[in-house]
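Each chain is listed here by its residues.
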Amino acid sequence: MKKIILLAIALFIGLKSYAATVWINDTRSQFQTNSLVILGVNIRTFNAKDFNKNGIIEERLGEQRGTFINAIDRLDELAMQGVNTIHLLPVTPVGKLKAMGTAGSLYALNGFDEINPQLASKRSKLSPKEQALRFIDEAHRRKIRVIVDLPSCASYDFYLKHSLLFSTDVGGAPIVPADWTDTRILEAGKNGRINLDLLDEYKKFIDMMLEIGTDGIVANNASMKPYDFWEALITYTRGKSPQFLFLAQATDKDVPLGKNIPFTSYDKLLEAGFDGYYGGYSRFSDWQSAEELYSHVKFNQKLISKYKLIKSTIGSFATHDNVSPMLTNGAPYAKMLSWLNATLPLNAYYTDGIQSGDDYMYPWENKKATKTYTDDNFYFAQRGKLDIYNFSRKPGGTNGDVLQNFILANKFKYMMNQIMPEANFVPLQTNSLNVFAYARSNKKNAVIVIGNMDFSNMQNVKVSVPHLTDKVSITPVKIDDIPVIQRNRINAILAPGEVQVLLVKDFSIK
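A quick note: this is a predicted structure, and the numbers were derived from the prediction, not measured.

## A few points about the sheet that holds strand β13 (residues 424-427)
- Pairing within the open sheet is antiparallel, and its five strands lie in the order β13-β14-β15-β20-β17. What marks the edges here is a single partner per strand, and that holds for β13 and β17 (473-478). Adjacent strand axes in the sheet meet at a mean angle of 20°, parallel and antiparallel pairs treated alike.

Following this line, the structure appears as structure tokens:
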């Protein structure tokens, strides 16, 4: 009898662990209300086991590359940190010829309807696709959505098998993107005559994403395909999953890559059906004045208000294409980005490792490899950027203060969305060109954010806040030194790169 009871308990535990999750995709709706906190993740490194700490995964020594199965172990950590959406960098197979790096670039696509076997655990009997589905199911259990990157080009390997799907120059040779020597540009056709064969390949990818339960895609370099191509693919997808998110990796500064390559501008991509685009916030580190930030927020608000369907943007301050904030302006900058993501009218976006201060500096960078899985025998890497070319260490820094701010900012974003839905955005006047100050407000409450864009000098700043008095109820959210509240003004002393966030109850700023 005892054995039967134990068996029943074991079966119950097993069923509880692996039972199908009833998940209803709400990603588009959450994106439209700026409620997503997105973390960009490379499964190949996400939970890699680098026991000797040399930065490279050496499986002959018993170390493990990141896989969908061991990635599950980090999901509780992400949920605790306030992440509610994972952006998986490409999960399709990668090419090995004319490759970049010893594992091959994640963006050198080598097939549309398979999961990259590099991301599958050899310790599991499940197929790569089943392992991906298992990971996504476990993410959904924790109320974490999963969106997946769709590469814009394909590998040389794929070109050798499907040459008719590629653009060619006047001599008939495939077109190589300027900096992506491991890929070739796919021929998507043009408006009025799109390449239906390529569209079918993209539909295969969408079908696979729906099969494994993903909640949306990020279209890499979306501007490289014509309007009609995206409209057809989005219409196809929405017929199967109305809440499936389409996010375009595009900005207002994108330009055509060449006369033989189609170009669809960011606004036309939104018109074609994309729910949002990257918003251009990656330029923030180059802006010299607060006015540049205000102007860009207003530009995006005006842009997305043009469309009948609700659109939005992400806080693309530091994606995997950008140098780590720790190398830009150190920990104060990383913390500033957390609070900008939390308080601006956009969906928060981060890259794995940024939340704890990783600088993405690898000791083996661009050195000769001891082992390779491609025809490249060097550890190719881009300085200060998340590695997407090799089997390398798990991303992560050791800065507890950066992590604490990341968690607090995410929790505050959730609170703002609950108590201040549809809050406006109001720039506030200051006595310094490189101190930004703005309010987010509805009829009941206001949040005031003040930040020093000067990472070398302290600022003694005066912020004009109409109708403010010292009688209002102010709750410091993120602050080092308590500011002085006067009539119509806040006086604050800001350290280099410091951000202050104040919640003002029963107060409205128009």
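## Describing the pattern of salt bridges
- Here the structure, examined in full by the defined rule, presents 20 salt bridges.
- For the salt bridge of glutamate 138 with arginine 142, the shortest nitrogen-to-oxygen distance reads 3.0 Å.
- What makes arginine 142 partly exposed here is its relative accessible area of 23%.
- With a shortest N-O distance of 2.9 Å, arginine 393 and aspartate 358 are connected by a salt bridge. One end of the pair, arginine 393, is in the loop between β12 (348-351) and α14 (400-419); the other, aspartate 358, is in the loop between β12 and α14, and 35 residues separate them in sequence.
- Take arginine 393: its relative accessible area is 17%, and that puts it in the buried class.

## Quick notes on the nonpolar core
- Counting 132 residues, the largest nonpolar core has Trp230, Phe284 and Phe436 as the members making the most contacts within it.
- With eight residues, the single largest contributor to this core is helix α8 (residues 196-212).
- Within the second largest apolar cluster, 10 residues are counted, among which are Leu36, Ile38, Leu245 and Ile314.

## Section: the confidence of the model for the protein chain
- In this model, the protein chain carries an average pLDDT of 93, and 96% of its residues clear a pLDDT of 70 or more.
- Scored below 50 in pLDDT, residues 1-20 makes seven contacts in the model with residues more than four places away or belonging to other chains.

## Some points on the packing of aromatic side chains
- Evaluated as defined, the whole model comprises 28 aromatic pairs.
- With centroids separated by 5.3 Å and ring planes inclined at 45°, the aromatic side chains of tyrosine 281 and phenylalanine 317 adopt a geometry described as tilted. Taken together, the positions of tyrosine 281 in the loop between β10 (276-277) and α11 (290-304) and phenylalanine 317 in the loop between β11 (312-313) and α12 (325-328) put the pair 36 residues apart, joining distant regions of the chain. For the pair tyrosine 281 and phenylalanine 317, a shared accessibility class is recorded, and that class is buried.
- Seen from their ring centres, phenylalanine 425 and tyrosine 438 are 5.3 Å apart, and the 40° between their planes marks the pair as tilted. Remark: tyrosine 438 occurs in strand β14 (residues 435-441) and phenylalanine 425 occurs in strand β13; sequence separation between them is 13 residues.
- Counting every residue linked through ring pairs, the aromatic cluster contains Phe112, Tyr156, Phe158, Tyr159, Phe166, Tyr202, Phe229, Trp230, Phe244, Phe246 and Phe274.
- The ring of tyrosine 373 is capped by arginine 65, whose NZ or CZ atom sits 5.8 Å from the centre of that ring.
- A cation over a ring is seen here: lysine 98 above tyrosine 156, with NZ or CZ 4.8 Å from the ring centre.

## Comments concerning unusual backbone geometry
- In this structure, lysine 143 is a non-glycine residue whose phi angle is positive, near 60°.
- Its location among the elements puts lysine 143 in the loop between α6 (128-141) and β3 (145-150).
- Taking the relative accessible area as the measure of exposure, lysine 143 reaches 62% and is therefore exposed.
- Even without a glycine there, the phi angle at asparagine 488 is positive, about 65°.
- Mapped onto the secondary structure, asparagine 488 falls in the loop between β18 (484-486) and β19 (489-494).
- For asparagine 488, a relative accessible area of 35% corresponds to the partly exposed category.

## Describing the side chain of asparagine 445
- Mapped onto the elements, asparagine 445 comes out in strand β15 (residues 445-452).
- Setting aside chain neighbours within four positions, we find asparagine 445 in contact with Ile419, Met420, Arg440, Val504, Lys505, Asp506 and Phe507.

## Things to note about the sheet that holds β19
- The three strands are arranged β16-β19-β18 in an open sheet whose pairing can be described as antiparallel. What marks the edges here is a single partner per strand, and that holds for β16 (459-464) and β18. Each strand axis lies, on average, 20° off the axis of its neighbour in the sheet, ignoring direction.
- Bridge analysis of β16 against β19 gives six bridges, and the strand direction is antiparallel. Across the sheet, glutamine 459 pairs through a bridge with leucine 494, a residue of β19.

## With respect to the pairing of strand β2 (residues 85-88)
- In β2, alternate side chains face the same way, and those of Thr85 and His87 on one face and Ile86 and Leu88 on the other are all buried.
- Two strands pair when backbone bridges link them, and strand β1 (residues 37-41) and β2 are joined in this way by four bridges, in the parallel orientation. In the strand pairing of β2, valine 41 is matched with leucine 88.
- Pairing geometry for β2 and β3, over four bridges, is parallel. Counterpart to isoleucine 86 in the pairing with β3 is valine 146.
- At this point the chain moves from β2, through α6, to the parallel β3, and the crossover so formed is right-handed.

Conventions adopted
Residues numbered from 1 in each chain as written. Predicted model: local features only at pLDDT ≥ 70, side-chain atom pairs only at ≥ 80, totals over all residues. Heavy atoms only, no water. Pairing = 2+ DSSP bridges. Helix = DSSP H or I, 4+ residues; strand = E, 2+ residues; numbered from the N terminus. Axes fitted to C-alpha atoms, helices over the stretch in contact; angles between N-to-C directions. Salt bridge = Lys/Arg side-chain N within 4 Å of Asp/Glu carboxyl O. Buried < 20%, exposed > 50% of the residue type's maximum accessible area, 1.4 Å probe, protein only. Core = buried A, V, L, I, M, F, W, Y, C linked by side-chain atoms within 4.5 Å. pLDDT = per-residue confidence, 0-100. Contact = heavy atoms within 4.5 Å. Phe/Tyr/Trp six-rings, centres within 6.5 Å; stacked < 30°, edge-to-face > 60°. Lys NZ or Arg CZ within 6 Å of the ring centre and 35° of its normal. Right-handed = clockwise from strand over helix to strand, strands pointing away.

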